[in-house]
Amino acid sequence: MKFSKKLFPMKAHFFMVMAGDAPIFPFLPLILKGLGFSSISVGWIFTAYPLTVIFAKPLSGTIADKYRCHTVFMIFILFVHLITGFIIQWTPSIPFETKAELLCDRNLSLRICSGKLNEPIAGNVKYIDKIGTSLNNTITCKVDNEKWKKYTGRNNQFEDEETFIRLGPKYYSVNSCLVTEISHLFDTSTYSAECKNETSILTDIQCENADIMEIIKQKSVNDEAEMGTTAFWIAFALVISYRVSGSVMQSFSDAFCFNLLGDKPQNYGAQRMWGAASWGIFAFINGIVVDKFSEGMPNKNFLPSYYMLLVLLLLDVLVFLKIKVKFTKQSQNLMGDMKTLFTDLRICLFMFWCFLGGVYCAIIWNFLFWFIEDLALSSPGFDQSRLSTLEGLMLTVQCYLGEIPFFFTSGWILKKVGPPKSMVIVLFAIAIRFLLYSSLTDPWWVLPIEVLNGVTFGLFYAVMVTYASSIAPPGTEATVQNIVGSLFEGGGISTGSLLGGYMFKRVGSSKTLLILGISALGFTLIYLFLQSKLETTTEKKGAIVIKEIPEEKNKEGNSEELDKLTEPPRNDA
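Residue numbers restart at each chain and count upward from 1, following the sequence in its written direction. Since the coordinates come from a predicted model, pLDDT governs what is reported: local features require at least 70, and pairs of side-chain atoms require 80 or more to be given and counted, while whole-chain, interface and lining totals use all residues. Side-chain measures were taken over the full set of non-hydrogen atoms in the model, leaving aside hydrogen atoms and water.

1. Some words on the packing of helix α9 (residues 230–261) against helix α10 (residues 268–293)
Link 1 in the chain: Relative to each other, α9 and α10 sit at 140°, their axes nearing to 10 Å. Taken together, the axes of α9 and α10 lie oblique to each other. Where α9 crosses over α10, the handedness of that crossing is right-handed. Contact residues: Q250, D254, C257, F258 and L261 in α9; Y268, Q271 and R272 in α10. The convention used is that axes are lines fitted to C-alpha atoms, helices contributing only their stretch in contact, and that angles between N-to-C directions extend from 0 to 180 degrees. Elements are defined by DSSP. Helices are runs of H or I of four residues or more, strands are runs of E of two residues or more, and each kind is numbered from the N terminus. An angle below 35 degrees is treated as roughly parallel, one above 145 as roughly antiparallel, one from 65 to 115 as roughly perpendicular, and anything else as oblique. Here a crossing is taken to be left-handed if its near helix is turned anticlockwise relative to the far helix by less than a right angle, and right-handed if that turn runs clockwise. What makes two residues a contact is simply this: any of their non-hydrogen atoms within 4.5 Å.

2. Describing the pattern of salt bridges
Link 1 in the chain: We count a salt bridge whenever a side-chain nitrogen from Lys or Arg sits within 4 Å of a carboxyl oxygen from Asp or Glu. Tallying each qualifying case throughout the model produces three salt bridges.
Link 2 in the chain: K33 is the salt-bridge partner of E373, the closest N and O atoms lying 3.4 Å from each other. Taken as a pair, E373 in helix α13 (residues 345–377) and K33 in helix α2 (residues 28–34) lie far apart in primary sequence, 340 residues in all.
Link 3 in the chain: Between D374 and K33 there is a salt bridge, and its shortest N-O distance comes to 4.0 Å. With a gap of 341 residues between them, D374 in helix α13 and K33 in helix α2 connect regions that are remote in the sequence.
Link 4 in the chain: With relative accessibility at 24%, the residue D374 sits in the partly exposed group. Exposure categories follow from relative accessible area, calculated using a 1.4 Å probe and restricted to protein chains: below 20% of the type maximum is buried, above 50% is exposed, and the middle band is partly exposed.

3. Considerations on the nonpolar core
A general tendency of soluble globular proteins is for nonpolar side chains to be buried together.
Link 1 in the chain: Only buried residues count toward a nonpolar core, which is a set of Ala, Val, Leu, Ile, Met, Phe, Trp, Tyr and Cys residues joined through side-chain atoms within 4.5 Å. In terms of nonpolar packing, the biggest core is built from 133 residues, with F37, F350, W353, F371 and M464 touching the most fellow members.
Link 2 in the chain: Top contributing element to this core by residue count: α13, with 20 residues.
Link 3 in the chain: For F37, the contacting residues outside a window of four places in its chain are L32, V42, P92, I94, E226, A231, F232, A235 and W370.

4. Some points on the confidence of the model for the protein chain
Link 1 in the chain: Residue-level confidence of the predictor is summarised by pLDDT, bounded by 0 at the bottom and 100 at the top. Per-residue confidence for the protein chain gives a mean pLDDT of 76; residues scoring 70 or more make up 72%.
Link 2 in the chain: Helix α11 (residues 303–320) holds the highest mean pLDDT among the elements of the protein chain, 94, whereas helix α19 (residues 558–563) holds the lowest, 44.
Link 3 in the chain: The model gives residues 154–163 a pLDDT under 50, and that stretch makes 26 contacts with residues more than four places away or in other chains.

5. A word on the packing of aromatic side chains
Link 1 in the chain: The criterion for an aromatic pair is that two Phe, Tyr or Trp rings (for Trp, the six-membered ring) have centres within 6.5 Å, with stacked assigned to planes under 30 degrees apart, edge-to-face to planes over 60 apart and tilted to the rest. Per the counting criterion, the structure on display carries 30 aromatic pairs.
Link 2 in the chain: Their ring planes at 55° and their centres at 6.4 Å tell us that F371 and Y437 sit as a pair that is tilted. Placement of the pair is F371 in helix α13 and Y437 in helix α14 (residues 387–438), with a sequence separation of 66 residues. Both residues of the pair, F371 and Y437, belong to the buried class.
Link 3 in the chain: One cation-aromatic arrangement involves R272 over Y461; the distance from NZ or CZ to the ring centre is 5.5 Å. As a reminder, the over-ring test applies to NZ of lysine and CZ of arginine, requiring each to be within 6 Å of the ring centre and within 35 degrees of the ring normal.

This is the structure:
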């Protein structure tokens, strides 16, 4: 396959823009989780952004097509994406408190209670033993000064008699609580009258041990009240701006790419695979870097990720300026073209498939890492310090063993099986992928499953945008790409995000994936049945089946463009 100088800037753009997004985009749910947001709040945020896409994508595509300002609009969106992505790092956390209970009993104890000591952690004996080992080695903690003096007096044996204590060496657990005796640190004759009456009091506490602090730290608002906090609305605005701008940018990139490809739309995958290549590399590098910067911290430190995004997206701006594209054709009746296009039943079935793909992609994009972290906590032998490395490696496998091969061969697959059967294959692969997730007991076994991403996203996306390009009347390329994208994201991703947020909270991550896997299998059978009925009906009427454009839509060679889908890839890629 010979080198194409004309297409090189397009390949470079896909490489750079995906490299810039890889350190932040897939980790956003974990960033929000680390800030204290519940799965319900995260679900609402990732539901709202695709709903915004429903309006943003078609509007931006229509403006660009009407005023022929595609390049200027693209550069503007790139800068919006870059700026909002970078400042997400300053999103405030959900308000929380760090309190423990001082028990003024005969032994004088400190009790730490937390829902985090329930399932799945309570069943993780090694995790509890790890905390116990820390306690046995003693941990220095700083407590509320005034409350401490009120109960114990000033005869603390350590350096700051007023504010510091040391936990351990004796501890025990009961009813989702860890209790450690601290009476050996004090002269019992100094206990206050209230303490001697066996009362207890909550006191603010800060310990030097990350494991203990993760248990002590509790949100000061419940899940439902999160959406009334300033932190939620700041996160809401930044994440939506970042994701919507990225979504619009992707549709414009596809429109630019198909313009450059001309009569060779089947070569789209050969360009887009360079984005998958950079995504896999930089996601893996980011996972390793985040783990390194997070050593000894209770939560992951994503600071390096934001600077990777900044540098790489700035480079992409320079790269994109090298792309020379002219959108010369203009639709004379844009709304009429859209009405004619989207009243065809077979195209409507294609649109519904795009919607379904969005639902399932939302679960993978927004909640797969959430599931892996839950699974890691319930796996005694898993090393938590390697969690981000595993997550980065998952993205590498998704790209290099999944997306890249299928992007590269998507033209050949479309030639062999056609769009309708490709759509059925995608749904079936989604079903298998989710069912395999639900059966996992060891986080590392997720890696072989990620190879299926080649079908569930690589083939899916190639079919979606290539078919959309082929059915677009001349002068409506950006509009059609953005409409199809809005159905995928605005409809599918929003539905999947809301559904995933509530199901993860109500039925658990593993059961959610099982239910969704069964549903995908059901849709596979339904879709197979409908496809066969539509093809039989259209053949009886002498009409053209879904992989071709109906005669009334053959405008300025569109049918010839779609016929390219059934031709083998050419040398100029």
